[in-house]
Amino acid sequence: MHGPRAQRPDTGVDSGGQTRERLLDVAERLFASRGFAATSVRRITRDAACNLAAVNYHFGSKLGLYEEVFRRRLEAVRDQRLAAIRRAATIQPGPGALEEVLYIFASSFIEPLVGESHGRMLTELMGREMLDPHLPPEMFRGEIAGPVQEALTQALCRTTPGLSVDAARLCVQSITGQLVQTAQRVRRQSATPMAGPPLTIVVDHIVRFSAAGVRASVGGAPAGSPHGRPQRS
């Protein structure tokens, strides 16, 4: 007679990774609604209908699961933004080309975060991560933000004659900052409606404001002000 078989965790190895996907889906929802610290592995595995060993088997730890929740969504967002910038790269330089590039990028930045449930959940996750960070800083820069920012930098240089790469990178940081703040505003409004202009008007303003700033950055600092600050009369 054979001895009793050791009980294996419900890891999903024999079910095409279904357990792994359930863990990611459940953890995403709980981390977004409760935050990292307030979400226990026991709660995640209970809601995902698997045992405690499944988290360590698939992700190594609770933190590994948290990182993979972000990576799964952020990589999809990164690919959407890069695809949008590649579309913008087909625009011929000329009047209005800069605004068109900025509008394509701004729309691709905002829409995935507010247009469907996964996007809104990612916005909530990002808000909680900003308040209580647990992700390695290089994850955003190296894997997500870096490729997108570099692609947009090249697009700005191509549509704005005379704009240096260094100046374009500063412009990209400014543009991204405006869009992040807008996404956070949308997240807050989804929980507690507040008065304010419609999102389409905000995006149009960001495009016009940023286009003016990009053009003003051509040639570096204003004459008579080597550090870019206006001189007092």
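Description of the structure in this document. Residue numbers here run from 1 along each chain, matching the order of that chain's written sequence. Totals for whole chains, interfaces and linings use all residues, but because this is a predicted model, local features are given only for residues with pLDDT of at least 70 and pairs of side-chain atoms are given and counted only at 80 or more. The basis for every side-chain value is the complete set of non-hydrogen atoms in the structure, without hydrogens or water.

1. Digging into the overall build of the protein chain
Secondary structure is summarised from DSSP: a helix means a run of H or I of at least four residues, a strand means a run of E of at least two, and numbering begins at the N terminus for each. What the protein chain contains, in helices and strands, is 9 helices and 0 strands. What makes two residues a contact is simply this: any of their non-hydrogen atoms within 4.5 Å. A fraction of 68% describes how many contacts in the protein chain between residues 6 or more apart in sequence connect residues 24 or more apart. The Shrake-Rupley method, run with a 1.4 Å probe sphere, supplies the accessible areas, and residue values consider only the shown protein chains as cover. By element, 56% of the accessible surface of the protein chain is carried by carbon and sulfur atoms, the whole surface being about 13200 Å².

2. With respect to the packing of aromatic side chains
Stacked, tilted and edge-to-face are the three classes assigned to paired rings of Phe, Tyr and Trp, where Trp is represented by its six-membered ring and a pair needs centres within 6.5 Å; plane angles under 30 degrees give stacked, over 60 edge-to-face, the rest tilted. Enumeration over the complete set of coordinates arrives at 5 aromatic pairs. Geometrically, the ring pair formed by F31 and F36 is stacked, given 5.8 Å between the ring centres and 20° between the ring planes. Comparing F31 with F36, the two get one shared label, buried. Put simply, the rings of F31, F36, Y66 and F70 touch in pairs and so form one group of aromatic residues. Stacked on the ring of F36, the Lys or Arg K62 has its end atom at 4.3 Å from the ring centre. The rule is short: NZ of Lys or CZ of Arg within 6 Å of the ring centre and within 35 degrees of the ring normal puts a charge over the ring. It is R81 that lies over the ring of F109; its NZ or CZ is 3.7 Å from the centre. To sort residues, take the accessible area from a 1.4 Å probe on protein chains only and compare it with the maximum for the residue type: under 20% means buried, over 50% means exposed, and anything in between is partly exposed.

3. Details of the layout of surface pockets
Taken as a whole, the largest pocket spans an internal volume of roughly 470 Å³. For the lining of the largest pocket, the elements supplying multiple residues, two or more each, are α4 (62–88), α5 (97–114), α6 (117–131), α7 (137–159) and α8 (165–191). Here the residues of the lining of the largest pocket are counted per class, giving 14 nonpolar, 4 polar and 3 charged. Buried and open spaces are told apart on a 1 Å grid over the protein atoms alone, a cavity being a set of points where a 1.4 Å probe fits but cannot get out and a pocket being an open set with protein on both sides within 12 Å along at least five of seven lines. Residues with an atom within 4 Å of a point are the lining residues. Grid points are joined across faces, edges and corners, and a volume is the space filled by probe spheres set on the points. Gly is placed with the polar residues, together with every amino acid not listed as nonpolar (Ala, Val, Leu, Ile, Met, Phe, Trp, Tyr, Cys and Pro) or charged (Asp, Glu, Lys and Arg).

4. Re the packing of α4 against α7
Axes, fitted as lines to C-alpha atoms, cover a helix only where it is in contact. Angles between the N-to-C directions of the axes lie from 0 to 180 degrees. For the pair α4 and α7, the least separation of the axes is 10 Å and the interaxial angle reads 10°. Considered as vectors, α4 and α7 are oriented roughly parallel to each other. Contact with α4, carried on its side by E67, F70, R71, L74, E75, R78, R81, L82, I85 and A88, involves M139, F140, E143, I144, P147, V148, A151, L152, A155 and R158 of α7 and no other residues of that element. An angle below 35 degrees is treated as roughly parallel, one above 145 as roughly antiparallel, one from 65 to 115 as roughly perpendicular, and anything else as oblique.

5. Focus on the pattern of salt bridges
By definition, a salt bridge exists where a carboxyl oxygen of Asp or Glu is found within 4 Å of a side-chain nitrogen of Lys or Arg. This model, assessed by the stated rule, comprises 15 salt bridges. The closest approach of N and O atoms between R73 and E28, which form a salt bridge, is 2.6 Å. Taken as a pair, R73 in helix α4 and E28 in helix α1 (residues 18–34) lie far apart in primary sequence, 45 residues in all. D79 is the partner of R78 in a salt bridge, and the nearest nitrogen-oxygen pair spans 3.2 Å. Given the relative accessible area of 17%, R78 is considered buried. According to the relative accessible area criterion, D79 is partly exposed, its value standing at 39%. Salt bridges here are not isolated pairs; linked through shared partners, they connect R20, E21, D25, E28, E68, R71, R72 and R73.

6. A look at the nonpolar core
In this structure, L102, F105, L152, L156, I175, L179 and V214 are the most contacted members of the largest nonpolar core, which totals 33 residues. At the level of elements, α4, α5, α7, α8 and α9 (199–216) are the ones that each hand at least two residues to this core. The dominant element in this core, judged by the number of residues it contributes, is α5, at 9 residues. Look past the residues within four positions of F105 in its chain and what remains in contact with it is I85, V148, L152, I175 and L179. Core analysis: the second largest hydrophobic core is formed by 25 residues, L24, F31, A32 and C50 among them. Throughout this description, the term nonpolar core refers to a set of buried Ala, Val, Leu, Ile, Met, Phe, Trp, Tyr and Cys residues connected via side-chain atoms within 4.5 Å.

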